Amino acid sequence: MNEIQKAKEILKEYNQNHIVKLFDKIDEEKQAELAKQVLGIDFHKITELYENTKKEIEIKEKTITQISYLDKAKLSSEEKKKFDTLGIESVKKGEYAVVTMAGGQGTRLGHSGPKGTFKLDVYGKGKYLFEILAENLKDANKKYGVTIPWYIMTSKENNEQTKDFLEKNNYFGYDKSSVTLFTQGELPLVDTKGKLLISKDMKIKEASDGNGGTYSSLRSSGALADMKERGVKWVFIGSVDNALLKMVDVTLLGMTIDKNYQIASKTVAKANPQERVGVFCKCNNHPKVIEYTELPEKMAEEVDNNGELKYGESHIMCNLYSVDAIEKISKETLMYHTAFKKNSYIDENGKEVIPEEPNSYKFESFIFDAFEFFDDIAILRGKREDDFAPVKNKEGVDSPRTAKELYEKYWAREIEK
Ligand code: UTP
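Now for a quick tour of the structure. None of the values given here were measured: they were computed from a predicted structure. (Residues numbered from 1 in each chain as written. Predicted model: local features only at pLDDT ≥ 70, side-chain atom pairs only at ≥ 80, totals over all residues. Heavy atoms only, no water.)

All right, on to the site of the ligand then. Around the ligand sit 19 residues in total, of which Met101, Thr107, Arg108, Gln184 and Lys392 are the nearest. Interatomic distance of 3.3 Å between a side-chain N/O atom of asparagine 211 and an oxygen atom of the ligand. In terms of residue class, the shell around the ligand is built from 5 nonpolar, 10 polar and 4 charged. (Near = heavy atom within 4 Å. Polar contact = N/O pair within 3.5 Å; in protein donor to acceptor, adjacent residues only side chain to side chain. Nonpolar A, V, L, I, M, F, W, Y, C, P; charged D, E, K, R; others polar.)

Next up on the list: the pattern of salt bridges. Scanning all chains against the criterion turns up 33 salt bridges. With a closest N to O distance of 3.8 Å, aspartate 71 and arginine 381 form a salt bridge. Highlighted residues: aspartate 71 in strand S2 (residues 70-71) and arginine 381 in strand S20 (residues 378-381), separated in sequence by 310 residues. For aspartate 71, a relative accessible area of 15% gives the class buried. Arginine 381 sits in the buried class, given a relative accessible area of 7%. For arginine 413, the salt bridge is made with aspartate 386, and the minimal N-O distance between the two is 3.0 Å. With arginine 413 in helix H14 (residues 400-416) and aspartate 386 in helix H13 (residues 384-387), the pair connects residues that are 27 residues apart, well separated along the chain. Within this structure, Asp71, Lys74, Glu308, Glu313 and Arg381 form a network of salt bridges that share partners. (Salt bridge = Lys/Arg side-chain N within 4 Å of Asp/Glu carboxyl O. Helix = DSSP H or I, 4+ residues; strand = E, 2+ residues; numbered from the N terminus. Buried < 20%, exposed > 50% of the residue type's maximum accessible area, 1.4 Å probe, protein only.)

Let us look at the sheet that holds strand S16 (residues 337-341). One open sheet holds the 3 strands; their spatial order is S9-S19-S16, and the pairing between them is antiparallel. Looking at strand neighbours, the two that pair on one side only are strand S9 (190-191) and S16, the edges of this open sheet. Here S9 pairs with strand S19 (residues 360-364) via 2 bridges, running antiparallel. Within S19, the residue paired with valine 190 across the bridge is tyrosine 361. Along the sheet, helix H4 (residues 43-53) contacts S9, S16 and S19; its crossing angle with S19, the most-contacted strand, is approximately 115°. (Pairing = 2+ DSSP bridges. Contact = heavy atoms within 4.5 Å. Axes fitted to C-alpha atoms, helices over the stretch in contact; angles between N-to-C directions.)

So, in structure tokens, the structure goes:
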């Protein structure tokens, strides 16, 4: 059986006859491409994910408790020195690598290119988000006399554009041989009847599988093997859209080494009980990020003996892992979250349909759902004004305007130091 026949058999088995019919409408080259795409799709998984959308969410018995953390600003000078020394030693030995998750669509920001190519209007001239990240890493390299390997995760959709942009800008002066781009996985979009959508280019319409895809993509792309070959022991994974992200925090690294933990996270204190951020907790004794939508109002307002919010450590996508932890997670199955969205498609008559209401499911896994695979996580609370300037929305909170202000204020303070 050739690839096209094989693909058709699979499609029939999974009730996707509209795609079997599509083969008759496209030329030979396109047929071969479509067959290849079909053979790469895990139909069993996608069927299961679709079936789950029809089930009631199973409410498991959950015991939510407060998680412990250390506040960087309140560490004793001996403790800080101990952590910093351990962290610096590891970075200097070349054991540290950094991953930037840049595969998101940045829909809320509404920028037409990859988010890292967005120019934040700082100091009149402006700086691209990728440029800000490169500068942060170059500073660390200078300080510790190393070149930290930098891995950038893109999506199939934005990989070319990201690569061209970085090439055009000469990787903002970063050593090119230390930058590796890898692409995250995708999953098909499914309509309410379980049918896969067809895109304008006569393919099955797929979308990135969420930032939780980082772990498995690190392994399948060979990036993890590359890290091991370079002698990397610790991997930082951060977002592309925080203009104050500190990718090389030696206190966080040293604290994790000292406590013999496999995973760690830098947090900032929640601005107020109603802030729309995920916060850390322990769920059935395992670390977890609980989303603001899932945290009951009463719990969101609860304070501990120090008058601090009990569930106030915000997850800001500033996470650290041992290489072994990444390996372990990459072999596990993360849960998928379902978003019901508007997605255009080509109908059986070959016409494009642009829906006015949500019509299809997008399945995504989240980076923080992996924390539950561990008994504990080392949490270091940073400072909002030093660590967190997200660029999420076009306007208002967490927008380019607020990030610019935070960035400029931070650097004004640094210069004064
Ligand atoms: P967000 O979840 O904020 O998504 O990503 P986003 O794509 O930037 O923005 P919206 O929700 O579409 O408006 C947090 C981080 O995770 C990355 C993003 O690039 C960002 O660094 N991410 C997200 C991925 O790398 N892949 C994904 O599939 C999703």
